Amino acid sequence: MATDLAAKERMARLMEHGFCVIEDIADERLLNRTRACVDKALAEVDPERLEKTKSPGSLIDSNDYPELADLIGNPRALAALDGMGLKDIKFWKAVIISKPPGGPRLYWHQDCLMWQDPRAYSDRPPMIFLMYYLEDTTRWNGCLRLLPGTHRYRHILHDMGEAHTREINRIDDPDDPRFRDYPGEVDVPVRAGDVVVGDARMFHSAHANRSGEKRTVITIWFHPFFSDLLEPTQSWIHDLMHRQHANWPLEALAKIEPLIPDYRGAVEPMNRNRTPDRRLRWPRSVDPG
Ligand SMILES: O=C(O)CCC(=O)C(=O)O
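About the thresholds
- Residues numbered from 1 in each chain as written.
- Predicted model: local features only at pLDDT ≥ 70, side-chain atom pairs only at ≥ 80, totals over all residues.
- Near = placed C-beta within 6 Å.
- Helix = DSSP H or I, 4+ residues; strand = E, 2+ residues; numbered from the N terminus.
- Nonpolar A, V, L, I, M, F, W, Y, C, P; charged D, E, K, R; others polar.
- Pairing = 2+ DSSP bridges.
- Axes fitted to C-alpha atoms, helices over the stretch in contact; angles between N-to-C directions.
- Core = buried A, V, L, I, M, F, W, Y, C linked by C-beta atoms within 7 Å.
- Buried ≥ 20, exposed ≤ 12 C-beta atoms within 10 Å, placed from the backbone.
- Contact = placed C-beta atoms within 7 Å.
- Expected span 1.5 Å × (residues − 1).

Novice: Give me the lowdown on the site of the ligand, citing residues and values where you can.
Specialist: Around the ligand, the neighbouring residues are Val-95, Ile-97, Leu-106, Asp-111, Leu-144, His-204, Ala-206, Val-217 and Thr-219. Contributing elements (two or more residues each) for the shell around the ligand: strand S3 (90-99), strand S9 (204-206) and strand S10 (215-223). In terms of residue class, the shell around the ligand is made up of six nonpolar, two polar and one charged.

Structure below.
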């Protein structure tokens, strides 16, 4: 009963604010296994590539890291999502985002890639993230920052450019307004082992890492209610997930088996669309009409 209430409360927070935190959902063994994978990935990455993504930190996709299957398929997290009412969840990819000591701020951005799909204008998020931080986070070492509500309402940031372009990743212009503070933003400090569940449509960023240690998050992208997305959207998720993880061994794929998209239609994959159209409204406080 208490669990049901907690799950309901989390779902309500996800719907209204765009995120919720589930505490203590990854144990030390799982965290240590994931940390070992991060160390390997960081040792293998080309330093020139890291220079190109100064603002976010490393952006290493799960393609070559089947060791991440345990975290992606973490049964406790999947049970918690199911309890919240998030069904038919399919996986796209995970990303290792490690901010080195002294790493700068991450710019504000949202990551929804399917703004042509009616689901992007509904209560049912077309795309969610699970962010597992591998160190306890604070403002000092680069915790997550969020703009609650921006998953359902327009914000001036929507007109300031797309996420992850070369220029913004390299911080060509440190005065870009996407590096500023905004009214209503909240810090989300967490402990290693917690997970932040968030709506990909919501604006998010991270503080600079002023500590002497790296700060790493594994972001996992999921698509709930997969079969209810437009067919070109399903086709795109299916196509990318399978292409990106084509080299994963069968035993790693087995660990995420229920999450593997299985679109059987013949429709062409969508084109990515990172920009909402007029269906995304300003909040009432800004646009009473
Ligand atoms: O580095 C962080 O704390 C946030 C990561 C992020 O913005 C993302 O994965 O989209």
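So much for the structure itself; the text now carries on.
Novice: Lay out unusual backbone geometry in plain terms, naming residues and giving numbers.
Specialist: Positive phi, normally seen in glycine, also occurs at Asp-24, with a value near 55 degrees. Take Asp-24: it is sitting in the loop between strand S1 (19-22) and helix H2 (28-44). Positive phi, normally seen in glycine, also occurs at Asp-88, with a value near 50 degrees. Considering the arrangement of structural elements, one finds Asp-88 in the loop between helix H5 (75-83) and S3.

Novice: How would you summarise the sheet that holds strand S8 (residues 195-199) if you had to cite specific residues and measurements?
Specialist: If you trace the six strands from one edge of the open sheet to the other, you get S1-S8-S5-S10-S3-S2, paired in antiparallel fashion. Sheet topology places S1 and strand S2 (60-61) at the edges, where each strand pairs with a single neighbour. Two strands pair when backbone bridges link them, and S3 and S10 are joined in this way by eight bridges, in the antiparallel orientation. Following the sheet pairing, Val-95 is matched in S10 by Thr-219.

Novice: With reference to specific residues and values, describe the sheet that holds strand S4 (residues 106-109).
Specialist: The four strands lie next to each other as S4-S9-S6-S7, forming an open sheet whose pairing is antiparallel. Both outer strands of the open sheet, S4 and strand S7 (186-188), are each paired with one neighbouring strand and no more. Neighbouring strand axes in the sheet, compared pairwise and without regard to direction, differ in orientation by 25 degrees on average. Note that strand S6 (residues 144-146) and S7 share three bridges and pair antiparallel.

Novice: Can you lay out the nonpolar core for me, pointing to particular residues and giving the numbers?
Specialist: Soluble globular proteins: nonpolar side chains tend toward being buried together. Formed by 64 residues in total, the largest nonpolar core has its most connected members in Ile-72, Leu-130, Met-131, Tyr-132, Val-195 and Val-197. Examining the composition of this core, we find that six residues originate from one element, strand S5 (residues 128-133), more than from any other. Here Met-131 is in contact with Leu-144, Val-195, Val-196, Gly-198, Val-217 and Thr-219, once residues within four sequence places are set aside.

Novice: Please provide a residue-by-residue account of helix H7 (residues 231-244), values included.
Specialist: Over its 14 residues, H7 runs 20 Å from end to end, which matches the ideal 20 Å to within 8%, given 1.5 Å per residue. Those residues of H7 lying buried are Thr-233, Gln-234, Ser-235, Trp-236, Ile-237, His-238 and Met-241. On its buried side, H7 packs onto S3 and S10.

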